[in-house]
Structure formats: C-alpha cells, structure tokens
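# Chains, contacts and geometry: an overview
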Amino acid sequence: MFSAALRITVLPLTKGRLSSHVLPAIGTTSARFSGKAPGCLSKSNKSKSSGSQNKPRIAVIGACGGIGQPLALLLKLNPSIGELILVDKDNMAGVAADLSHIETPAKVSHFTTQNPGDALKGGVDIIVLPAGVPRKPGMKRSDLFVSNAKVVYDTAKAMGEHSPDSILLIITNPVNSVVPVACEVLKNQGKLNPKKIFGASTLDSVRAATFIGEITNTDPREVVVPLIGGHSGTTIIPLLSRSHPSVTLEGEKRDEFVKKLQNAGTAVVQAKAGKGSATLAMAYAGSRLCFGIIRAMQGESNVVESAYVVSDIYPELKYLATPLLLGKNGIEKNLGLGKMNDYETDLFCKAVPQMKKDVALGEKYVKEQGGGKSIC
Ligand SMILES: NC(=O)C1=CN([C@@H]2O[C@H](COP(=O)(O)OP(=O)(O)OC[C@H]3O[C@@H](n4cnc5c(N)ncnc54)[C@H](O)[C@@H]3O)[C@@H](O)[C@H]2O)C=CC1
Ligand SMILES: O=C([O-])CC(=O)C(=O)O
C-alpha cells in the first residue's frame, strides 16, 4: 500500500561502482536535484550558455515528436535545469505553453523552425537532438540515413556557428552514422571538441538492465551491464561478464539475451505497426544520459554512462560506444573496452566491419555536402 506521504524521489543506486544511473528527478526531495545544486542561475547571465557554474540551458531539437515531448517533460521536471528551449519544424507553441505551466524552475521557450541556428544563437549548454524520421516495420536503422543525415548536419553546423561549446547528445538514427556526420561538420569548422559529442546508446543499457533483472529476478535498478559497440543490431554488445550484480548466463540462454537486446528496437517497431519506434523508453534513456551529464558538470564524481563517441580505444574504429566517466566538460575519461571474455570478444570482432561501414557512410555524406564549412 502507498502511504499518503509517499513521494517519488531519485534513487542513488550506485556509489562507487560502474554506473551512475538514477531515475530522472521527479519531485523536490532529492538533494541531487535541489535548488542547492552548485551555482544558481544569476540574473546577469541567464540568456547565455551558463556552463558548469549555473543551471544549464538545454535545447531540444525535435521536441514536438514522439521522443521529444516526453523527453521535454522529463527535463522540465528536473529542477536543476534553468531553461528549456524547444525546437521543431512543426508548431512548437502548444507543447511549450503546456509544459511551461509545470511548477518547476526551468523557463520554457520555443522555436518553430527547420533552422536550428535560430534557437542556438544565445548559446546553450546541452543540445539534445531527437529530430528525424523513425523506422517503420521492415526498415533497418541505416535506411533512415537518407532522411535524417541532413537534420544532424544542419544542427552540427548551427552549433559550430552559434554555440560551439555545447554538449551535443544525438538520439537521431542511425546513431552509428550520424554521429560521424556531426563530428565531421564540426571538425571542418575547426569547432570539434570530441569530449562533448555523444551518440545516445543509453537505451541499450536501460534494456539490458531490464532484461537481466527479469532473467535473474533482480530489481532492474540494481543491474548494470556495460555496453560497447554501437547502436544497431549486432553492433550492440553487452558485457555480461562485467555486469553488476554478477550474472552467470551461458549457452542458449546467453544467446537469447543478446539477440533480444540487439532486436529490442525492432520488436518495438513491429509492435507499433507503422506508428514509429521506441519513444517513451527512449525519452527516459535520453533524460538519464542528460541528467548524468548535468550531474557531472555540477561536480558529481563517478558518473559513468556508455555512449557512442569519438574514440581512439580500438585502432580500426574512429567511433565506438564504451563506458565513459563524465566530468565538468563532457567526457572526463574513456573507460575503454576493459576485460572481455572470448564470447564478447567474438561479438565485438564480428561487429567491427559493420561499424567501419557505418562511419564511412557518415563521412562520405559530409564530403558530398561540401564539409559544413561556413562560406561567410
Ligand atoms: N538512439 C536511440 O536509441 C533511439 C533513436 N530513435 C530515433 O529518434 C528519432 C526521432 O524519433 P521519434 O521522436 O519517434 O520521431 P517523430 O517523427 O515522432 O519525431 C521527430 C520530430 O522531429 C521533428 N523534425 C524533423 N526534422 C526536423 C528539423 N529539420 N528541424 C526540427 N525538427 C525536425 C519532426 O517534426 C518531429 O516532431 C528517429 O530518428 C528515431 O529512429 C528512436 C528511438 C531510440
Ligand atoms: O529501433 C529503432 O528504430 C529505434 C531505436 O533505435 C531503438 O528502439 O533502439
């Protein structure tokens, strides 16, 4: 039975071990998200990018969409966020007005535009990008590249021009190829800070914890499975040998788990039968990554999340998802692949050729577009 005094609060799960994840901040009881977070928004700089000293300004591009709306809601509920700038090519005014009535500190502004530059002119701390087309049954994530590369290209270009110090968190698919698009554009502008560009593979971490929780009858909030590789099919590689609590899963059961994880996005696409892909779990996962980044910006140590980033961990791969220690300026330290057993090494080695192709697709696109350099 729930008592009348029940409040939902953040669960500090993981002190000192490989994870930082907490539920998104809901309510006002958590010290982590209280108004006492280091550095409150000062009147003098509230329209500028506020950096680690102040409550962050966050732009969500694609905020009207299936992911964008619940993600914006979760961000609005976090009292450590100073401002939410909601951007979409569809009419953004209604969603923004709706969210703005929630009694949390984040100020809500909105832009209805296809030009992300309009929204980034004042500078923001974090850009969250869930803009773009989702899959329909029968499609692979890579089929989305032709539709979605442009919005990532345009966002990166606008970021380089107007808000180059932002952290960019890319949800748009195919993550394995569009993260290279963003990085190539920023590199050509001389604005790439590889520590600040994240491809969201957090949903794989969320699903892995959920599925292992089910298999082992453990509270999934207590489960941490390091994820490496990328965010599509066989490039999604869980490291069960290093999960917490430790899990013994072998043979067919292990194969089944890996397959279920690698196909989880497709299962949602099929179940939604033409009405898009994962939105709610992705909104949660996006908020989890975003909140981890914010907590690290504000000085919390031991914040670890896996994400798909510029990488020098494995010689053949310029981009790779690995667990990352987050810090005041994005990635503090790439924790690398770590120890893998033979099964995991085999999964990884089999995925390498696909991951190289995915990166090459993104790089080729940017070359064909002229590189993203500003001509003015
Ligand atoms: N990284 C991950 O784990 C996941 C990624 N995704 C991806 O996220 C993306 C979004 O998915 P949904 O929210 O379900 O799609 P959706 O179609 O519901 O929403 C996309 C939103 O982006 C907006 N948009 C499109 N182009 C734009 C532009 N140039 N400027 C501003 N806004 C623009 C649309 O108007 C729409 O509101 C898809 O590419 C999907 O594949 C989805 C689930 C998980
Ligand atoms: O499968 C899709 O198209 C969306 C996605 O990335 C996921 O749910 O993991």
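The structure displayed is predicted, hence computed values, not measured ones. Residues take numbers from 1 onward in each chain, read along the sequence in its written order. For this description, chains carry letters from A and ligands carry numbers from 1, given in the order in which they are written. Totals for whole chains, interfaces and linings use every residue, but because this is a predicted model, local features are given only for residues with pLDDT of at least 70 and side-chain atom pairs only at 80 or more, for both listing and counting. Hydrogens and waters are ignored; side-chain quantities use all the structure's heavy atoms.

### Digging into the overall build of the protein chain
Per the secondary structure count, the protein chain includes 10 helices and 11 strands. For the protein chain, the proportion of its 376 residues judged to be buried stands at 53%. Considering only intrachain contacts with a sequence separation of at least 6, the fraction spanning at least 24 residues in the protein chain is 69%. For the protein chain, the exposed surface amounts to about 16600 Å²; the carbon and sulfur share of it is 54%. Each helix is a run of DSSP H or I of at least 4 residues and each strand a run of E of at least 2, with the numbering of both proceeding from the N terminus. For every residue, the accessible area (1.4 Å probe, protein chains only) is compared with the maximum for its type, and the residue is labelled buried under 20%, exposed over 50%, or partly exposed between those bounds. When checking whether two residues touch, look at their non-hydrogen atoms; a contact exists if any pair is within 4.5 Å. For accessible areas, the Shrake-Rupley method is used with a probe of radius 1.4 Å. Any residue's cover is judged against the shown protein chains and nothing else.

### Description of the layout of surface pockets
Size it by volume and the largest pocket reaches roughly 910 Å³. Of all elements in the fold, only β2 (83–88), α4 (145–162), α6 (202–216) and α8 (264–272) reach the threshold of two or more residues within the lining of the largest pocket. With six residues, α4 is the largest single contributor of residues to the lining of the largest pocket. Ten residue types, Ala, Val, Leu, Ile, Met, Phe, Trp, Tyr, Cys and Pro, are classed as nonpolar, four, Asp, Glu, Lys and Arg, as charged, and the remainder, Gly among them, as polar. The residue inventory of the lining of the largest pocket, partitioned by class, reads 18 nonpolar, 18 polar and nine charged. The calculated volume of the second largest pocket comes to roughly 250 Å³. The way it works is a 1 Å grid over only the protein atoms, where trapped points that fit a 1.4 Å probe form a cavity and open points with protein on both sides within 12 Å along at least five of seven lines form a pocket, and then any residue with an atom within 4 Å of a point lines it. Contributing to the lining of the second largest pocket are 17 residues, with Lys140, Arg141, Ser142, Ser232 and Gly233 lying nearest its centre. Among the residues forming the lining of the second largest pocket, the class breakdown is two nonpolar, 11 polar and four charged. Grid points are joined across faces, edges and corners, and a volume is the space filled by probe spheres set on the points.

### Topic: the site of ligand 2
When at least one non-hydrogen atom of a residue lies within 4 Å of a molecule or strand, that residue is treated as near it. Every residue lining ligand 2 is accounted for by Arg135, Arg141, Asn173, Leu203, Arg207, His231, Gly265, Ser277 and Ala278. Pairs of N or O atoms within 3.5 Å make up the polar contacts considered here, provided that, within protein, one atom can donate a hydrogen while the other can accept it, and that residues adjacent in sequence are counted only when both atoms are side-chain atoms. His231 is positioned with one of its side-chain polar atoms (N or O) 2.6 Å from an oxygen atom of ligand 2. Protein chains shield 95% of the accessible area of ligand 2, which is 260 Å² for the free molecule. The residue inventory of the shell around ligand 2, partitioned by class, reads two nonpolar, four polar and three charged.

### Describing the side chain of Ser80
On the secondary structure map, Ser80 appears in the loop between α1 (68–76) and β2. Ser80 sits in the buried class, given a relative accessible area of 0%. Side chain to side chain, Ser80 and Asn78 meet in a polar contact 2.8 Å long.

### Quick notes on the pairing of strand β5 (residues 167–170)
Going residue by residue along β5, you find Ile167 and Leu169 tucked away on one face and Leu168 and Ile170 tucked away on the opposite face as well. Only when DSSP finds a minimum of two bridges between them are two strands counted as paired. Relative to β5, strand β4 (residues 126–129) runs parallel, the two being bridged by four bridges. Within β5, the position partnered with Val128 by the bridge is Leu169. Whether a crossover is right-handed depends on one test, that the path from the first strand over the helix to the second runs clockwise when the strands point away from the viewer. Between β4 and its parallel partner β5, the chain crosses via α4, and the hand of that crossover is right-handed. In the sheet, β5 pairs with strand β6 (residues 197–199) via three bridges, with the strands oriented parallel. The residue bridging Ile170 from the neighbouring strand is Gly199, located in β6. In terms of handedness, the path from β5 via helix α5 (residues 175–188) over to β6 forms a crossover that is right-handed.

### Comments concerning the site of ligand 1
Taken together, 29 residues form the shell around ligand 1, and within it Gly66, Ile67, Asp88, Val133 and His231 come nearest. In this structure, a nitrogen atom belonging to ligand 1 sits 3.2 Å away from a main-chain N or O atom of Lys89. In the environment of ligand 1, a nitrogen atom lies 3.1 Å from a nitrogen or oxygen atom belonging to the backbone of Ala200. Per-class residue counts for the shell around ligand 1 are 14 nonpolar, 12 polar and three charged.

### Brief notes about the UniProt feature "binding site: substrate" (unreviewed entry) in the protein chain
UniProt positions are given in the numbering used here, feature names are shortened, and annotations may be inferred rather than shown by experiment. Under the feature "binding site: substrate" (unreviewed entry), the UniProt entry names Arg135, Arg141, Asn173 and Arg207. Lining residues of the largest pocket drawn from the annotated set just named are Arg135, Arg141, Asn173 and Arg207. With respect to the helices and strands, the residue Arg135 is situated in the loop between β4 and α4. By relative accessible area, Arg135 is classed as buried at 7%. Ignoring sequence-local partners within four residues, the contact set of Arg135 consists of Lys140, Arg141, Leu144, Gly265, Thr266, Val269, Gly276 and Ser277. Along the chain, Arg207 falls in helix α6. Arg207 sits in the buried class, given a relative accessible area of 9%.

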